[in-house]
Structure formats: C-alpha cells, structure tokens
Amino acid sequence: MKSVFRAFLLLLVVLVVVLVINTVRFESKQLNVQAVPAPPLADQALEHFQQAVRIKTISFGDTIPPDSGQFFAFHRFLQSAYPRVHEDLALEKVKDYSLLYKWQGSNPSANPIVLMAHMDVVPVEPGTESIWTVDPFAGEIKNDTIWGRGTTDDKMNLIAIMEAVESLIAGGFKPLQTIYLSFGHDEEVGGTGAIAIANLLKSRNIKAAMVLDEGGIITVDKVPGMKQPVALIGTSEKGYLSLNLSLEEYGGHSSIPAPETSIDILSRAILKLRDNPFDASFSKSTSDFMDYVGPEQPFLQKMFFANRWLFESVIVGIYEGSAGGNAMVRTTIAPTIFNAGVKDNVIPTIAKATINFRLLPGDTRETVIEKVKSTLADDRIKIEPTAFGNEPSKVTPTDGLAFKAVEKAIRTSFDNTIVAPFLMVGATDSRHFSEVSDQIIKFSPMSDPIGFHGIDERISVDGYRHGIWFYEQLIRSFNE
Ligand SMILES: [Zn+2]
C-alpha cells in the first residue's frame, strides 16, 4: 500500500515539474520594438471623418440597389478631401460604386499590397433613432468621441487609410511596391463590389504580399486575465452557410388537429439541431491566440495555456461559457427565419425555416449538410442550401511577411499593446481575395470601438488619430 502511495506521489511531483517547466518555457512572442507617439490630429482630418459619416451610403438589402446619389456624393467627397491621392494614384470605378486606387511602386517586381475597407454602412433600424444619443448621420463630436452610423464599421478604416496616404504623399513618400486601395460599396450585403475587384486583380495576375481588411480590434478589457490592451489580428475567418428546411404535411381545419402538425415537426427538428451542437475544437488561429496571449497572463492562466495537452477540456469549457467564446470553438447553429401559417384557424401545410451556420475551419459546407441530415434523420424535411455561402478561409501564417508587418505596425503605433492572432467569427470582404493573396489579415486599428451595427456607434477621436498613425507606419514599413 505504502509503495502505491509513493508511486502516486512521485507521479504527482513529476506532473507538477512538467507543468512548471512548460510554463516557464512559455515565452513571450511579443515583438520588442519601441512605440512611436502618434502626432496630433489635424482639424482637417477630423472634419473629413465627420463629412464621411454624414453621407448616407447605406446598404439596405441585397435586392435593393444602392442609392447612387449618396455613393456618388461619397466619391466626390473623397476627391475633394484627398487631392494628392487623386493626383498620384490611378482610380478605377468597379461595378459603378466600388473604388480601386493604384499607387504605383518604384519596384515593379515586388508583390503589391492591398489595403481594404468598405464605404457602405448598415441602416439605422427604424424606430431606434430616438434611442440614439445623437443624430446617427450628423457626424457629431461629443466627449472627444466621433458618433454615428459607420464610424466603426467601416468608415474609420477607409478615412484613416486616405488620411495616411495623403499625408505620406505630402511628405514626399514613394512606395517600393505598388499599393492598392480597395473600397467596396456593398460589404454589408454580400460584397459584390469586392468580388468584382478581386476578379479584376486576379485577371491581371496580381499576387499580393498582403491583403489587409477590417477585422479584429484592440480590446482593453475583453481578454480575461489581461491588464494590457490586446490587438486581435484576424488570421482566418469562419465559413458561412444557410440551409432552408421545409416540409409539407397536410394541414386542414384547426378544430381537428392531427397528432403532429407541420409546425410541430419543424420546431422539433430545429430544437434537435440546437441540442446536438458541433464538436468543439481549437482552430489554428485560436491556438495561435493562446500562444501569443498565454505568456502575458498571470502564472495560473499561463500554466493552463502552456499545458493545453492537459487542460484543453477546461479551456474549452471556459470558452463555451459565453456566446462569443462558444463561436470561437465550434461551428454554430442559428435559426434565423421561421415561416408557417396564414390564418388562425388553419393548420398550415407548408412550414419553412432558415438556419444559419458559421463554420469553424476544418468543417466544410458539405460536412455540415451531412451532419444536419444525420441529426434530423427525417425524410419529410427537405434541406436546401441558399445561394450565398463560403467555406472557412485558409489560415494566414504568423511567420509570414503580412502578419509580421501588421504586428510591427501595431507595436510601434499603440503603446504597451499585446498582439495576438485570432479567428474572425464574422464575415469580411477579404474572404473573396483568397486567390489574390495567401496572406490575408483582418484587423482594424481601433481601440474599443462601440456599437457595431447597433445604437450609438462611436469611436474616440484619439482612437482615430492612432488609426491613421497605424496605416502610416504600416505603409512605411514595407519600404524598409
Ligand atoms: Zn464592416
């Protein structure tokens, strides 16, 4: 008995030693560079941002055409606000409203880079205008913050890119590699503008060294255990699939209901899907995230991240505890549309529902459909994918040029900020650029923006100032 106890004790000691060694060896991956303070913000730069918010470049829906007056007004605004950009860069309009600028580099053999943003914004939900603190399209500044629809998504990126390029040209800067600025007009409704631009670049055999689009942000307090701000650099993006489920089950008079109606069958089917979630796992971007954030954490958390071979289920459990965390570790299932019935005393024959899936890298649209079929195991229910969808993106390597460049630009323009790769759970226009570049980065240089697609969307003036600075540093870094 004593020897069993001794063996157990020995094993425990070995385990603790292994855990501690792994933890001590779990070294910081943060680039050791000194941040350079951002210069003060010119009044004009602030006015430009306000003007941009005032133009209602709204995407109402994929079947409603863009309001050409607003989009053309936005083009004219860019033209007058950024005269140097329009003098030095070639401009092509794509699909009428999307813009592709080309800043010719001095080294024609160098692979170009592509900086992306989108000019459209989501509508302000009717009935919520009065809940807003300000008029959502007034471009108001209040409490050192710029308020309005589109400030964070995605006009800040677009305007900051334009400010940076305008200021670089004014300072005599000439890029070594060609730089494209790609501004889509309908990101919020599928991104046909971005698709057309990607196709155009592909047809010209352009292989970009980097594509940078909106994505992760800098968060001050959303990463548990971290006291420093963390810049989340999207290195991959989840896939997208919607399935229409439908069935026809003879209905009839509601005074004599059958034991099971079409609504019963479809509701049970949806619950069954929700009760049988996809398996949880760490995608490459998420394990990269832990490799970057883990070493910066207090000892206990650091030990967990350094010993994922042992603590994986514990960490998964923590992720699953929140909707946002859960979306990081599995393919999600969200019923979004449910339709049946026309009259209160008629049992409907036809019932339809749409379920939206966001696919973790590793899953494909085909494997998801297979899993749905086998979970439902009900021939009465027809399962059809909708027209729009895409596979999860490839993963951009953290040791590649693009990641390194963005990492360095963040560390030099934002003081005391930790960088970390991460998995984007939302969709961006850059998903259409997989054949233009294998180094796609999804990152927005914004500190704690508020109100994406919601009420009181806003960003601090200081955050905007640092955003411009980030793009300047990034563009300059490619000349070094
Ligand atoms: Zn956006």
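Note on numbering: residues in each chain are counted from 1, in written sequence order. Where local features are concerned, this predicted model is filtered to residues with pLDDT of at least 70; where side-chain atom pairs are given and counted, the filter is 80 or more; whole-chain, interface and lining totals use all residues.

A. Local environment of the overall build of the protein chain. Strands here mean DSSP runs of E at least two residues long; helices mean DSSP runs of H or I at least four residues long; both are numbered from the N terminus. Each helix and strand counted, the protein chain has 14 helices and 17 strands in total. The reference for a compact globule is 2.2 Å times residues^0.38; the radius of gyration itself is calculated from the C-alpha atoms. Taking 480 residues into account, the globule formula puts the C-alpha radius of gyration at 23 Å, and the protein chain, at 25 Å, falls close to it. Any residue surrounded by 20 or more other C-beta atoms within 10 Å of its C-beta is treated as buried, while 12 or fewer makes it exposed and the intermediate range makes it partly exposed; C-beta atoms here are placed from the backbone. With 480 residues in all, the protein chain has 41% of them scored as buried. Residues are scored as being in contact if the C-beta atoms we place from backbone atoms lie within 7 Å. Look at the contacts in the protein chain between residues 6 or more apart in sequence, and 80% of them connect residues 24 or more apart.

B. Just the domain arrangement of the protein chain, in detail. Structurally, the protein chain comprises domain 1 (43-237 + 394-477) and domain 2 (239-385). Where each domain begins and ends is defined by an automated method or by a domain database. Each of domain 1 and domain 2 has a C-alpha centre, and the two are 31 Å apart. With 17 residues of domain 1 in contact, the opposing surface of domain 2 contributes 17 residues. Taken together, the elements giving at least two residues each to the side of domain 1 that touches domain 2 come down to β8 (230-237) and β15 (418-424). Residues are grouped as follows: nonpolar covers Ala, Val, Leu, Ile, Met, Phe, Trp, Tyr, Cys and Pro; charged covers Asp, Glu, Lys and Arg; every other residue, Gly included, is treated as polar. Looking at the side of domain 1 that touches domain 2 residue by residue, the class counts come to 12 nonpolar, 5 polar and no charged.

C. Structural view of the nonpolar core. In this description, a nonpolar core means buried residues of the types Ala, Val, Leu, Ile, Met, Phe, Trp, Tyr and Cys, linked to one another by C-beta atoms lying within 7 Å. The biggest cluster of nonpolar side chains holds 91 residues, and the ones touching the most others in it are Ile-161, Val-211, Ala-231, Ile-233, Val-406, Ala-420 and Ile-441. Looking at this core, the element that brings in the most residues is helix α5 (residues 151-170), giving 9 residues. Counting residues in each nonpolar core, the second largest holds 16 residues, with Leu-241, Leu-266, Leu-273 and Ala-351 among its members.

D. How the structure looks around the sheet that holds strand β17 (residues 458-460). The strand order across the open sheet built from 3 strands is β4-β5-β17, with neighbouring strands paired in antiparallel fashion. With one partner strand each, in any of the chains shown, β4 (141-142) and β17 form the two edges of the open sheet. One ladder, built from 2 bridges, connects β4 with strand β5 (residues 145-147); its direction is antiparallel. Bridge assignment links Ile-141 to a residue of β5, and that residue is Ile-146. Helix α14 (residues 461-477) contacts β4, β5 and β17 of the sheet and is inclined by roughly 75° relative to β17. Any two strands between which DSSP finds at least two bridges are classified as paired. Lines are fitted to the C-alpha atoms to define the axes, a helix being fitted only along its stretch in contact, and any angle between axes, read from their N-to-C directions, falls within 0 to 180 degrees.

E. Focus on unusual backbone geometry. For the bond running from Asp-153 to Asp-154, omega is 10°, close enough to zero to count as cis. Along the chain, the position of Asp-154 falls in helix α5. Its identity is not glycine, yet Asn-143 carries a phi of approximately 50°, on the positive side. Assignment of secondary structure puts Asn-143 in the loop between β4 and β5.

F. Structural detail: the sheet that holds strand β11 (residues 332-340). A sheet is described by the order of its strands in space; here 4 strands give the open sequence β11-β13-β9-β14, paired in antiparallel fashion. Since the sheet does not close on itself, it has two edges, and those belong to β11 and β14 (382-385), each with one partner. The sheet shows a mean angle of 20° between the axes of neighbouring strands, taken without regard to direction. Pairing of strand β9 (residues 239-248) with β14, which is carried by 4 bridges, proceeds in the antiparallel orientation. Across the sheet, Leu-245 pairs through a bridge with Ile-383, a residue of β14. Along the sheet, helix α7 (residues 262-275) makes contact with β9, β11 and β13 (350-359), crossing β13 at roughly 10°.

G. How the structure looks around the environment of Phe-77. Structurally, Phe-77 can be placed in helix α3 (residues 68-81). With 15 C-beta atoms packed within 10 Å, Phe-77 lands in the partly exposed category. Along the backbone, Phe-77 and Gln-51 are 26 residues apart, and their C-alpha atoms lie at a distance of 7.9 Å.

H. Representation of the environment of Lys-222 within the structure. Examined against the element boundaries, Lys-222 turns out to sit in the loop between β7 (210-219) and β8. Residue Lys-222 is classed as partly exposed on the basis of its C-beta count, with 13 C-beta atoms lying within 10 Å. As for Lys-222 and Pro-83, which are separated by 139 residues in sequence, their C-alpha atoms are 39 Å apart.

I. Structural context of the packing of α5 against α14. The N-to-C vectors of α5 and α14 enclose an angle of 55°; their axes lie 8 Å apart at closest approach. Comparing the axis directions of α5 and α14 gives the class oblique. In terms of crossing hand, the pair formed by α5 and α14 is right-handed. Within the contact between the two elements, α5 uses Met-156, Ala-160, Ile-161, Glu-163, Ala-164, Ser-167 and Leu-168 and α14 uses Tyr-464, Gly-467, Ile-468, Tyr-471, Glu-472 and Ile-475. Each residue belonging to the contact of α5 with α14 can be placed in one class, and the counts come to 9 nonpolar, 2 polar and 2 charged. Relative orientations are named as follows: roughly parallel for angles under 35 degrees, roughly antiparallel for angles over 145 degrees, roughly perpendicular for angles from 65 to 115 degrees, and oblique for any other angle. Each helix crossing is assigned a hand: it is left-handed if the near helix lies turned anticlockwise from the far helix by less than a right angle, otherwise right-handed if that turn is clockwise.

J. Seen up close, helix α13 (residues 401-413). In this analysis, the expected span of each helix is defined as 1.5 Å times one less than the number of residues it contains. Given a rise of 1.5 Å per residue, 13 residues ought to cover 18 Å, and the 18 Å separating the end C-alpha atoms of α13 matches this to within 8%. If you check which residues of α13 are buried, you get Ala-402, Phe-403, Ala-405, Val-406, Glu-407, Ala-409, Ile-410, Arg-411 and Ser-413. Residues of α13 that are buried sit in contact with β7, β8, β15, β16 (440-447) and α14.

K. Structural detail: the packing of α13 against α14. Where α13 meets α14, the closest approach of the two axes is 9 Å, and the angle between their N-to-C directions is 135°. One way to sum up the angle between α13 and α14 is to call them oblique. α14 is crossed by α13, and the crossing has right-handed handedness. On α14, the residues touching Ala-405, Val-406, Lys-408, Ala-409, Ile-410, Thr-412 and Ser-413 of α13 are His-466, Trp-469, Phe-470, Gln-473, Leu-474 and Ser-477. Of the residues in the contact of α13 with α14, the class split is 7 nonpolar, 5 polar and 1 charged.

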